[in-house]
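One-letter residues, chain by chain:
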Amino acid sequence: AKQAQMEHASIASFSKFSLQLVMVAAPPELIAACHRAAVDEIHHARISFALASRFLEQPVGPGPVDLSGDLLGDSSLVAVAAETFRDGCIGETLAAAEADAAAEEACDEVIRLAMSCIARDEQEHAELAWRFVAWAAASSDASAKAAMNAQFHASVVVKQSKSPPTRSPSFASGLGHLSAERTAQVRAETFAQIIIPALSAVF
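Remember, it's a predicted structure, so these values are computed and weren't measured experimentally. (Residues numbered from 1 in each chain as written. Predicted model: local features only at pLDDT ≥ 70, side-chain atom pairs only at ≥ 80, totals over all residues. Heavy atoms only, no water.)

Asker: For the overall build of the protein, give the residues involved together with the corresponding values.
Answerer: In terms of helices and strands, the protein carries six helices and zero strands. Taken from N to C terminus, the helices and strands of the protein fall in the order α-α-α-α-α-α. Computed over its C-alpha atoms, the radius of gyration of the protein comes to 17 Å, within 12% of the 17 Å expected for a compact globule of 203 residues. Overall, the protein is about 55 × 35 × 30 Å in size when its C-alpha atoms are taken along their principal axes. Looking at the protein residue by residue over its 203 residues, the buried ones come to 41%. In the protein, of all internal contacts separated by at least 6 residues, the share reaching a separation of at least 24 is 81%. Computed over 15 positive and 24 negative side-chain charges, the separation of the two mean positions in the protein equals 1 Å. (Helix = DSSP H or I, 4+ residues; strand = E, 2+ residues; numbered from the N terminus. Rg over C-alpha atoms; globule rule 2.2 N^0.38 Å. Buried < 20%, exposed > 50% of the residue type's maximum accessible area, 1.4 Å probe, protein only. Contact = heavy atoms within 4.5 Å. Lys, Arg positive; Asp, Glu negative; His and termini not counted. Charge placed at Lys NZ, Arg CZ, Asp CG, Glu CD.)

Written out as structure tokens, the structure is:
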């Protein structure tokens, strides 16, 4: 249920990202992909709430999402690129890898199909983020590009140093969740094999 609510909140995150893309004059194909990603998150939320309802044997649905405050924040290209790298290039790449691993460990076909669907979509979302930061770096002058490079590498250091978020108890393995140990393993492999090489390619 908690995961479902997070998927539901991601709808707003991609809505915010679409506005940021417009504000920095990103190519229209990136904006279109962003809107498709928001629709994906609606689907992910539905899947996750359906699984939660199945496990709890009662209907579970979304609650309100607090969108108060400064929604867009710093709208400069460097700031938007740094946020996208942190939440998209790192966050979505890790989410895709974790969902793929959860699909492999699924205890039944329904959960496997659900996690495989989410993994596929999260991979596409990560690719959108990488496409945007590559465009942002290529569109920037030397000073802005250097600032992005520094902020991107700092995000990698911070994310790698953090412990994996607390997961469900061991009985939840196979139900779409990974153990803390497996999460740490997947994340380490993803940083080494995907995120760091991809970051090097941007610069």
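Still to come is the rest of the account.
Asker: How would you sum up the packing of aromatic side chains? Please name residues and give values.
Answerer: For the structure on display, the rule yields five aromatic pairs. Geometrically, the ring pair formed by F85 and F152 is stacked, given 4.5 Å between the ring centres and 15° between the ring planes. Taken together, the positions of F85 in helix α3 (residues 77-105) and F152 in helix α5 (residues 142-161) put the pair 67 residues apart, joining distant regions of the chain. Overall, F85 belongs to the buried group, its relative accessible area being 0%. (Phe/Tyr/Trp six-rings, centres within 6.5 Å; stacked < 30°, edge-to-face > 60°.)

Asker: Quick rundown of the nonpolar core? Include the residues and the values.
Answerer: Grouped together as the largest cluster of nonpolar side chains are 35 residues, with contacts concentrated most on L21, F85, W130, F132, V133 and F152. The contacts of F152, once residues within four sequence positions are left out, are A81, A82, F85, V133, L199 and F203. (Core = buried A, V, L, I, M, F, W, Y, C linked by side-chain atoms within 4.5 Å.)

Asker: Describe in detail α5, supporting the description with residues and values.
Answerer: With 20 residues, α5 should reach 28 Å at 1.5 Å per residue; the first-to-last C-alpha distance of 29 Å fits that figure. A144, M148, F152, S155 and V156 are the residues of α5 that are buried. Axial view of α5: buried residues confined to an arc of 110°, hence all on one face. Away from its buried face, by an angle of more than 90 degrees, α5 presents the exposed residues A142, S143, V157 and S161. Its buried side turned inward, α5 meets α3, α4 (109-138) and α6 (180-202). (Expected span 1.5 Å × (residues − 1). Arc of directions from axis to C-beta.)

Asker: Residues and numbers for unusual backbone geometry, please.
Answerer: At A25, a residue that is not glycine, the phi angle is positive and equals roughly 60°. Its place among the elements puts A25 in the loop between α1 (2-23) and α2 (28-56). Although it is not a glycine, E57 adopts a positive phi angle of roughly 60°. Mapped onto the secondary structure, E57 falls in the loop between α2 and α3. Judged by its relative accessible area of 73%, E57 is exposed.

Everything listed is a geometric property; what it means functionally is a separate question.
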